[in-house]
Structure formats: C-alpha cells, structure tokens
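# Summary of the model geometry
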Amino acid sequence: MKNHQFRLKQRPTGRAKSTDFDFLESPVSTPGAGEALIRTLYLSIDPTNRIWMSDMEQYMPPVAIGDVMRGGGIGRVVVSNSNRWHVGDLVSGLLGWQDYCLVREADIFAPRTLPKDLPFPLPVMLGACGTTGVTAYFGLLDLGQPKAGETVVVSAAAGAVGSVVGQIAKIKGCRVVGIAGGTEKCNWLTQELGLDAAIDYKRPDWRDALVRATPDGVHVNFENVGGEIMATVMRRMTLGGRMPLCGLISGYNEGTAAVGDFSPILMRRLSVRGFIVIDFAPRWEEATSQLIHWVREGKLKHRETIVEGLENAPTALNRLFDGANIGKLMVKVAE
C-alpha cells in the first residue's frame, strides 16, 4: 500500500493552488501499540482549511510548511493495534489530505467511531449529521437561542452549515430568511428546505429585498460571511438581538479583517459571540443523536457536492469561494 499526501509547500497568496503543495507518495505506516491505520474515504472541504494554511491568529496552530495538510474526514480502520478502534470501524476526525492516516489513542483530536447501521448514506455523517451539522446545532440553539415567531437570518444559507441552521430554525418555529448567491440556491432554500424567504446577494437590489423579507427586524443573525453582508444584516437587527459568529469567509483568501460599523452592537445592545465547534466537544453525541433523529423523521434534509479524487482537493477548496457548491462539499477519496 502507498500513501499519497498533500504537504504544504508554501503559504498561499489569495486562493490556494496546487503549486502551494507537494503531492507525494510514501510507504504506509505500521500501527504501534495504541494506534490504528485509517483508510480515508471522504475528505471534508471547509473554509477553515484556508485559515489553517495561513500564518495568522487562529484556534489551532497553522499547518507547518512540510506537514500534511490538515483536514477532517471519514475513514475505515484497516489495521488496528488498539482497544479503541477495531478493523472495519468507520471513524470521523482529522485524517488529513492523504490516503491513509495513522491515529493514536492519546491524540487530543483522536477520531470518533461512527454509529453502526446508519439509516442514510455515509457522506451525511460528514455534513448534516457531522461536524457542520453540529456547528449549526450548537451555534444556533446555544448562542442564538431562537424563539418561536422570531426572525432568523443566516448567511451562506445554501452551504453546509447554513443549510442546517435554516432548517433547525424552522423546526423551532421561526421565520427564516437565507442569504445565498444565485437563483438555483435561493430556489433550493425556499422550495426544498422550506425557508420563508431567500435573498440573492448577487442582485443589485438585495438590500431592499432583505428589508422586505424582515418586516419585524432580525432577532438572530447566524453569521458565516462577514463584510458588507454582515454589516447590512446588523443594521436590521432588533433591540437585544443575538449574533452567533461562525465564520468570516469573505476575507479568508485576502487575509483582510472584518472591519465595519459596530455601532448597532452598542445602540441595539446586540449579543455577538464567536465560537468554534470544538468548544462543544463534550456534548457532541447530544447533537449528532438529535440531528440523526431529525433526518430520520424527514425534518432535516441534506445535500452534498462530491468531488472525485484526492488529487483534486486543492481545486475543490476554491469552490467554496466561487459559490460552486450546494450543501456540504467533500472529496471522495476511496470506496
């Protein structure tokens, strides 16, 4: 067996390019005591991948030059010298941009074993019922604290996290307005996911459309984008509104700060809380159990954009910034 790996060669300027990595082949490692070898099946492609490539303040150390590119994924245990993982187990965790990953029981972010007999295709455990779904669950419910009848706005609403946020808000009885780019995405939000309105930010009149869609103002803004979209929604927020700050994707490639008018935070006494999903690690099972239950009931729909082949991971990442994906974006590495 050979292991193909993307190792970070240089820190990207602007969008990540294949030339920012070395794509290398090496022998597969043999597990020692307390270790297991994982065959990567699906690789999660997320905006945080771009942050990890940069030498900037972040919640984990940047990927070092020469190291395997960090990335979440789902894999199967193929060799085990561990009591925690058994051959054949499906696991989810930080497997990296590679065919095989050697994991250790002592690792802080050791992979979690997935439930057996899943009632849906495996990629759902990387999206709606995986890390992105858990992000939506805790960010909206714990920090946004939506109440029935309130208006919730979510940016990047047709993406992995945003599409789950919108549906959970509907389950909780809220009026939900999604912001996305393009007619196809907006139609998916309203016709398939059941959101009350969808704002196409690519249209010149999107700000006026947002006003019409939020006649009672915005009680909860689940923010994924930053920049002008965040500033515009903040100006629509009600007194005492809540803003879970999940992402600022509009500035990731440029490395620019999300500078704007913060006066609505003061004048409207807004609660703004940044968070990372690992903040809720001890309660992970709570979220996944509920998400799986909602999928089984048909209350939570999912969609995946799947790119074939590990070698396409760098170019797949840029689909997030092009808006060329709907739902959860991932790379299929192996059957």
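Residues numbered from 1 in each chain as written. Predicted model: local features only at pLDDT ≥ 70, side-chain atom pairs only at ≥ 80, totals over all residues. Heavy atoms only, no water.

### Quick notes on the sheet that holds strand 13 (residues 271–274)
One open sheet accounts for six strands, arranged 10-9-8-11-12-13; its pairing is parallel. Only two strands of the sheet have a single partner each, and these edge strands are strand 10 (197–200) and strand 13. Here the average twist between neighbouring strands, direction ignored, is 15°. Here strand 9 (residues 175–180) runs beside strand 10; their pairing, made up of four bridges, is parallel. Directly across from Ile179, in strand 10, lies its bridge partner Ile199. Its contacts with the sheet place helix 3 (residues 160–171) against strand 8 (151–155), strand 9 and strand 11 (218–222), and it is angled at close to 170° to strand 8. Along the sheet, helix 6 (residues 227–234) makes contact with strand 8, strand 9, strand 11 and strand 12 (237–245), crossing strand 12 at roughly 150°. (Pairing = 2+ DSSP bridges. Helix = DSSP H or I, 4+ residues; strand = E, 2+ residues; numbered from the N terminus. Axes fitted to C-alpha atoms, helices over the stretch in contact; angles between N-to-C directions. Contact = heavy atoms within 4.5 Å.)

### A word on the pattern of salt bridges
Summed over all chains, the structure comprises 16 salt bridges. Residue Asp89 is joined to Lys116 by a salt bridge in which the shortest nitrogen-to-oxygen separation is 3.4 Å. You can see Asp89 sitting in the loop between strand 4 (72–81) and strand 5 (90–94) and its partner Lys116 sitting in the loop between strand 7 (112–113) and helix 2 (131–144), a full 27 residues away along the chain. According to the relative accessible area criterion, Asp89 is buried, its value standing at 7%. Residues joined in a network through salt bridges with shared partners are Asp142, Arg283 and Glu286. (Salt bridge = Lys/Arg side-chain N within 4 Å of Asp/Glu carboxyl O. Buried < 20%, exposed > 50% of the residue type's maximum accessible area, 1.4 Å probe, protein only.)

### As for the nonpolar core
Judged by nonpolar contacts, the single largest core of 51 residues is most densely connected at Cys129, Leu140, Ile168, Leu189 and Leu291. For this core, the elements supplying multiple residues, two or more each, are strand 3 (35–44), helix 2, strand 8, helix 3, strand 9, helix 4 (183–192), strand 11 and helix 8 (284–297). Element by element, the count of residues in this core is highest for helix 2, at seven residues. Here Leu140 is in contact with Gln145, Pro146, Val152, Val165, Ile168, Ala169, Val220 and Phe222, once residues within four sequence places are set aside. Of all hydrophobic cores here, the second largest spans 43 residues; its members include Met60, Met69, Val153 and Met237. (Core = buried A, V, L, I, M, F, W, Y, C linked by side-chain atoms within 4.5 Å.)

### Structural notes on helix 8
For helix 8, spanning 14 residues, the distance from its first C-alpha to its last is 20 Å, which sits close to the expected 20 Å at 1.5 Å a residue. Along helix 8, the residues that are buried comprise Trp284, Ala287, Thr288, Leu291, Ile292, Trp294 and Val295. The arc enclosing the buried residues of helix 8, seen along the axis, measures out at 160°, which places them on a common side. Residue Gly298 follows helix 8 closely and has a positive phi angle near 85°. (Expected span 1.5 Å × (residues − 1). Arc of directions from axis to C-beta.)

### Thoughts on the pairing of strand 15 (residues 328–332)
Most of strand 15 is tucked away: five of the five residues are buried. The alternating pattern of strand 15 places Lys328, Met330 and Lys332 on one face and Leu329 and Val331 on the opposite face, and all of these are buried. Direction of pairing for strand 3 relative to strand 15: antiparallel, over a ladder of three bridges. Counterpart to Leu43 in the pairing with strand 15 is Val331. Strand direction decides the pairing type here: strand 14 (residues 304–308) and strand 15, joined by five bridges, are parallel. Bridge pairing in strand 15 places Ile306 opposite Met330.

### Here's the deal with the packing of helix 2 against helix 3
Two elements in contact, helix 2 and helix 3, have axes separated by 8 Å at closest approach and are oriented at 50°. With respect to each other, helix 2 and helix 3 are oriented oblique. Like other packed secondary-structure pairs, helix 2 and helix 3 cross with a definite hand, here right-handed. Contacts between helix 2 and helix 3 involve Thr132, Gly133, Thr135, Ala136, Tyr137, Leu140 and Leu141 from the first element and Ala160, Val161, Val164, Val165, Ile168 and Ala169 from the second. (Parallel < 35°, antiparallel > 145°, perpendicular 65-115°, else oblique. Left-handed = near helix turned anticlockwise from the far one by under 90°.)

Spatial relationships are all this shows, so hold off on functional conclusions.
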